[in-house]
Each structure stands twice: as structure tokens, then as C-alpha cells.
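Summary of structural features
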Amino acid sequence: MEPALEEGDRLLVRKGSVAPGDIVIFQDAESRQRLVKRVATATPNGISVTSDNPFGARDSRQLGTIPKAAILGKATLRISPRGLRLLARRT
């Protein structure tokens, strides 16, 4: 399976509820970087995230639960050098 995103892609992001399979952008509390990950599970307290590349990236195994206040939004559209693509959930 190929990753959903590639280097150079731009994302259209919107606020709203998130569900497992969504791609979200959030602010990492430790590094203050904006990270893009896939939602693995969602609870009232926050979300756990996974990476499309589980061997080379940080996810909830290292970051823990991501608080809902840290979520900037979910990606709904990918704009790549090759054109537009709607982002669908992976379940």
C-alpha cells in the first residue's frame, strides 16, 4: 500500500470532528511542529494516531494521546503536482 501523501503535496484542511481513518494535522506539544498523521482511534479525551509509514515515523507509540485542543483540522483534499485528489478514510 502506498502512502496517501507525497513530498510536495498541499492539503486543504477544515475544522470539525475526526474519526478513525481521517488524516489530521496537529501541533506537537514537545517539538511545536505541525504533524500530519492518520487517526487510529478517537475518544472523548483525544485521538491516537498512526503513520502510513510505521517503521520510519513517530506516532502515538511515541507521542501518546493527542489532545483534541492540539488538532488543527482534518485534511479533505490533496493538491499534488499531478492534480487534485479527495482524501478518503482508510478503514
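Residues numbered from 1 in each chain as written. Predicted model: local features only at pLDDT ≥ 70, side-chain atom pairs only at ≥ 80, totals over all residues. Heavy atoms only, no water.

**Observations concerning the overall build of the protein**
- When helices and strands are tallied, the protein shows one helix and seven strands.
- Counting from the amino terminus, the protein carries its helices and strands in the arrangement β-β-β-β-α-β-β-β.
- Taken over C-alpha atoms, the radius of gyration comes to 12 Å for the protein, in line with the 12 Å a tight globule of 91 residues would show.
- The principal-axis extents of the C-alpha atoms in the protein amount to approximately 35 × 30 × 25 Å.
- Residues classed as buried in the protein amount to 36% of the 91 residues present.
- Across the protein, contacts joining residues at least 24 apart in sequence account for 51% of those joining residues at least 6 apart.
- Only carbon and sulfur atoms are counted for the fraction: they give 52% of the accessible area of the protein, which is about 6,100 Å². (Helix = DSSP H or I, 4+ residues; strand = E, 2+ residues; numbered from the N terminus. Rg over C-alpha atoms; globule rule 2.2 N^0.38 Å. Buried < 20%, exposed > 50% of the residue type's maximum accessible area, 1.4 Å probe, protein only. Contact = heavy atoms within 4.5 Å. Areas by Shrake-Rupley, 256 points an atom, 1.4 Å probe, with all protein chains shown as cover.)

**Examining the pattern of salt bridges**
- Under the criterion given, the structure shown has six salt bridges.
- Lys74 serves as the salt-bridge partner of Asp22, at 3.6 Å between the closest nitrogen and oxygen. Here Lys74 lies in strand β6 (residues 71–80) and Asp22 lies in the loop between β1 (10–14) and β2 (23–27), a separation of 52 residues in the sequence. Take Asp22 and Lys74: they sit in the same class, and that class is buried.
- One network of salt bridges, with partners in common, ties together Glu6, Asp9 and Arg78. (Salt bridge = Lys/Arg side-chain N within 4 Å of Asp/Glu carboxyl O.)

**Topic: the pairing of strand β3 (residues 34–43)**
- Sheet topology note: the β2/β3 ladder contains five bridges and is antiparallel. Opposite Ile25, over in β3, you have Val36 as the bridge partner.
- In this sheet, strand β4 (residues 46–50) lies alongside β3 in antiparallel orientation, the contact comprising five bridges. What sits directly across from Ala42, in β4, is Ile47. (Pairing = 2+ DSSP bridges.)

**Focus on the environment of Ile79**
- For Ile79, the location among the structural elements is in strand β6.
- Along the backbone, Ile79 and Arg10 are 69 residues apart, and their C-alpha atoms lie at a distance of 5.0 Å.

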